[in-house]
Amino acid sequence: MDILNLSALEMSALIDKKEILPSEIVCETFKKIDTFDKKYNAFITTLYDSAIDEAKKADARAISGKRLSVFDGIPVAIKDNICTKGVKTTCGSKMLENYIAPYDATAITHLKNAGMIMAGKTNMDEFGMGSCSDTSYFGAVHNPFDIIKSAGGSSGGSAAAVASRMVPFALGSDTGGSVRQPAAMCGVSGIKSTYGAVSRYGLVAYSSSFDQIGVISNNIADGAELMNIISGNDTLDSTYVGLKDGFTHLLSSSVKDKVIGIPKEYLDGNIDGEVNEAFLNAVNVMKQLGCRVEYFSLDILKYVVPCYYIISNAEASTNLSRFDGVKYGYRAPDFSDINDMIKKSRSSGFGAEVKKRIMLGTFAITSENYERYYKKAMEIRANLSSSFDRLFERYDAIMCPTSPTAARPLGIRETDNTRMYLSDIYTVSANIAGLPALSVPCGFTDEGLPVGVQFMGRRFCDAKMLSFATEYQRVTDWHKRLPKEAF
Amino acid sequence: MKITEKTVDKISDLAKLSFDMKEKDELIIGLNGMMSFVTTLENFDSSEERVADFSFNPTCPLADDVATPSLKREDVLSSAPLCDGSAFIVPKTVEEG
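Quick caveat: nothing in here was measured; it's all calculated off a predicted structure. (Residues numbered from 1 in each chain as written. Chains lettered and ligands numbered in written order. Predicted model: local features only at pLDDT ≥ 70, side-chain atom pairs only at ≥ 80, totals over all residues. Heavy atoms only, no water.)

What follows covers the overall build of chain B. Looking only at helices and strands, chain B features three helices and zero strands. Secondary structure elements in chain B, listed N-terminal to C-terminal, are α-α-α. Taking all 97 residues of chain B together, 31% fall into the buried category. Contacts spanning at least 24 positions in sequence make up 29% of the contacts within chain B whose residues lie at least 6 apart. Just so you have it, chain B exposes about 6900 Å², and 52% of that area is on carbon and sulfur atoms. (Helix = DSSP H or I, 4+ residues; strand = E, 2+ residues; numbered from the N terminus. Buried < 20%, exposed > 50% of the residue type's maximum accessible area, 1.4 Å probe, protein only. Contact = heavy atoms within 4.5 Å. Areas by Shrake-Rupley, 256 points an atom, 1.4 Å probe, with all protein chains shown as cover.)

As a further point, take the sheet that holds strand β13 (residues 450-456) of chain A. Residues and elements named next belong to chain A. Read across the open sheet, the eleven strands follow the order β1-β3-β2-β6-β8-β7-β12-β13-β11-β9-β10; overall the sheet is mixed. Across the chains shown, the open sheet's two edge strands, defined by having one partner strand only, are β1 (43-46) and β10 (292-296). The sheet shows a mean angle of 30° between the axes of neighbouring strands, taken without regard to direction. As defined by bridge partners, strand β7 (residues 189-192) adjoins strand β12 (residues 437-444) across three bridges and the pair is classed as antiparallel. By the bridge assignment, isoleucine 191 is partnered in β12 with leucine 438. Here helix α15 (residues 462-475) sits on the sheet and contacts β7, β9 (259-263), β11 (397-401), β12 and β13; the angle it forms with β12, its principal contact strand, is near 20°. (Pairing = 2+ DSSP bridges. Axes fitted to C-alpha atoms, helices over the stretch in contact; angles between N-to-C directions.)

Contact with chain B, which involves 54 residues of that partner, is made by 70 residues of chain A. With both chains or domains summed, chain B and chain A bury close to 5200 Å², and 72% of this area falls on carbon and sulfur atoms. The largest contributions to the chain B side of the interface with chain A come from Phe37, Leu41 and Phe56 of chain B, which together make up 14% of the buried area. In this assembly, chain B and chain A are joined by three salt bridges. Taken together, the elements giving at least two residues each to the side of chain B that touches chain A come down to α1 (5-14), α2 (21-38) and α3 (73-77) of chain B. With twelve residues, the top contributor of residues to the side of chain B that touches chain A is α2 of chain B. Its residues assigned to classes, the side of chain B that touches chain A comprises 32 nonpolar, 13 polar and nine charged. (Buried area = accessible area lost by both parts, 1.4 Å probe. Salt bridge = Lys/Arg side-chain N within 4 Å of Asp/Glu carboxyl O. Nonpolar A, V, L, I, M, F, W, Y, C, P; charged D, E, K, R; others polar.)

In this section: helix α8 (residues 273-288) of chain A. Residues and elements named next belong to chain A. For α8, spanning 16 residues, the distance from its first C-alpha to its last is 23 Å, which sits close to the expected 22 Å at 1.5 Å a residue. Where α8 is concerned, the buried positions are Val275, Ala278, Phe279, Ala282, Val283, Val285 and Met286. With its buried residues spanning 155° around the axis, α8 presents them on a single face. Away from its buried face, by an angle of more than 90 degrees, α8 presents the exposed residues Gly273, Glu277 and Gln288. A distance of 3.1 Å separates the backbone nitrogen of glutamate 274 from a side-chain oxygen at the start of α8, and that oxygen is part of aspartate 272. (Expected span 1.5 Å × (residues − 1). Arc of directions from axis to C-beta. Polar contact = N/O pair within 3.5 Å; in protein donor to acceptor, adjacent residues only side chain to side chain.)

So, about the nonpolar core. One finds Phe127 and Leu171 of chain A to be the most contacted residues of the largest nonpolar core, which totals 142 residues. Setting aside its immediate chain neighbours within four residues, phenylalanine 127 of chain A contacts Cys91, Ser93, Met95, Leu96, Val204, Tyr206, Leu320, Phe323, Phe350 and Val354 of chain A. (Core = buried A, V, L, I, M, F, W, Y, C linked by side-chain atoms within 4.5 Å.)

Moving on, we get to the packing of α8 of chain A against α15 of chain A. All names here are of chain A. Direction vectors running N to C along α8 and α15 enclose 95°, while the axes themselves pass 10 Å from each other. When the interaxial angle is binned, α8 and α15 end up roughly perpendicular. Along its contact with α8, which presents Ala282, Val285 and Met286, the element α15 presents Phe468, Tyr472 and Val475. Its residues assigned to classes, the contact of α8 with α15 shows six nonpolar, no polar and no charged. (Parallel < 35°, antiparallel > 145°, perpendicular 65-115°, else oblique.)

Let us look at the pattern of salt bridges. Side-chain pairs of opposite charge can arise whenever the charged atoms involved come near each other. Residues and elements named next belong to chain A. Under the criterion given, the structure shown has 30 salt bridges over all chains. For the salt bridge of arginine 394 with glutamate 294, the shortest nitrogen-to-oxygen distance reads 2.9 Å. Taken together, the residues span a long stretch of sequence, with arginine 394 in helix α12 (residues 370-394) and glutamate 294 in strand β10 at a distance of 100 residues. Glutamate 353 serves as the salt-bridge partner of arginine 357, at 2.8 Å between the closest nitrogen and oxygen. Note that arginine 357 and glutamate 353 are positioned in helix α11 (residues 352-364) at a spacing of four residues, about one turn of the helix. For the residue pair arginine 357 and glutamate 353, the accessibility class agrees, reading buried in each case. Salt bridges sharing partners connect three or more residues here, namely Asp146, Lys149 and Glu447.

Residues and elements named next belong to chain A. With respect to the element layout, serine 253 can be found in the loop between α7 (220-230) and β9. Through-space distance from the C-alpha of serine 253 to that of threonine 470 is 8.9 Å; in sequence the pair is 217 residues apart. Residues in contact with serine 253, not counting those within four places in the same chain, are Ser467 and Glu471.

Further remarks concern the packing of aromatic side chains. All names here are of chain A. Taken as a whole and assessed by the stated rule, the structure comprises 24 aromatic pairs over all chains. Pairwise contacts between aromatic rings join Tyr99, Phe127, Phe323, Tyr328 and Phe350 into one cluster. Over the ring of tyrosine 330 we find lysine 94; its NZ or CZ atom is 4.7 Å from the centre of that ring. Residue placement shows lysine 327 over the ring face of tyrosine 328; its charged tip is 6.0 Å from the ring centre. (Phe/Tyr/Trp six-rings, centres within 6.5 Å; stacked < 30°, edge-to-face > 60°. Lys NZ or Arg CZ within 6 Å of the ring centre and 35° of its normal.)

All names here are of chain A. Mapped onto the elements of the fold, arginine 67 is located in the loop between α3 (48-63) and β2 (75-79). With relative accessibility at 18%, the residue arginine 67 sits in the buried group. Between the alpha carbons of arginine 67 and asparagine 123 there is a distance of 30 Å; along the sequence they are 56 residues apart. When sequence neighbours within four positions are dropped, the list of residues in contact with arginine 67 reads Ser12, Ile15, Asp16, Arg61, Ala62 and Asp72. A polar contact is formed between the side chain of arginine 67 and the side chain of aspartate 16, at a distance of 3.0 Å.

Laid out in structure tokens, this is it:
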């Protein structure tokens, strides 16, 4: 039996039965990372020594029957924009190449309190800005299903690590689809909660009103349990409200007679034929499970991508102004005065994509452009949010593809990245409106690349949304297909 | 709206960034690509929208007024590019008159 092919809940059950020890799982994890990460570049930092130390403590708790949680002793990978005390947190950037966080993010505190074991920090698009995990200062992440293809982004390292079963799950962050889209590209499950359900304290900010820490896992049941752990109490993020009943209490609920809405605008000419086919097959599965499916039209969806890029980059331009070469991060070696030092440090410390987004964001909030772009985008945001509120009076869930295409080839550098930005079309709505959303595998292209389907739910109805995905995974096996190269 | 070299010069100064000519040329192409879809926002009729009302969580929870320990000075300074053990070191910020 290959332990790493088991789900986290299966590993946990074996620990409970004393058939395996956490240290055995952790040893297997690092054997796998040593063998395969040369190909995938999923990790920026691995934490072998501390993981072995923690695993021995978890062994003792398991033997004495005093495990701290269902995932006590289970390894987890962490996206490298989530602060981990005493461990490098680079955000995939030269700017933070040597930054060691002096504190833990709240989500990390909860993982540690649950006895979970950090295997390492995963590679990502620089500061979360990208959809292919190829803007990282530490090199691109490679897709375990085809190493010449992108793993998606920005949490591509987390998705590749889970897809190749180096770890059963990983934390990511989702600003415009950065958990769900790489999950779809790598054939794994990705969950983004309602905005405010998980503390953002210690998540290095890209766009604060969109960012949420999420989970990438082998299956939804594992992911939902992990969401329960990381969504625990917090007093340091004023936007945190938690989730009263947690994520798992409806996991085994039937979806019979529930109503699913599908936006017609998402099935137009932009979608790849094979992705469309896999999506329609997933819709048929939901019908067979007893759901009623209706198509609806929502004209405002045509504005979501520009709305997202204006607001997220405006917030990024202010959030990333903290990187000035003074308090932490890169400082240019030669300069004439403090202004020159700040400019040279930022210009050399940030990569091209980050600088481009800071420029667009700064442009959008100048006095002459604020009304035309930023205010307009905020008006669209308000309209979209209330439109979804009305839709969820009629529908129990909204279903659509996660991405219009499967994974794209790596190494295609375009000066004009418009195509990449438009590929976020199906995922950004959930961030703009603060909705919970997830992606689960629903098929493969002829080339053997995974395809994902997305479910969205009403704000703070995350558990109900998860019930659709668990039912889907109960009757399908797409999430069990493994990349051949990784075994 | 078209992004020109003049726009880039003005915005880069505000954003505390600098670009050489090659980077500037690429940036102008990239930003104009972004603007090509961003300008569609102008078509949205927003006469009935009230942005001030927009909030996901209208009841923002407040923390108790209790002082809690801050990070240790040495921990904070440990990631500074340059410090003297008790403060960040920066170039002179007040110009001589």
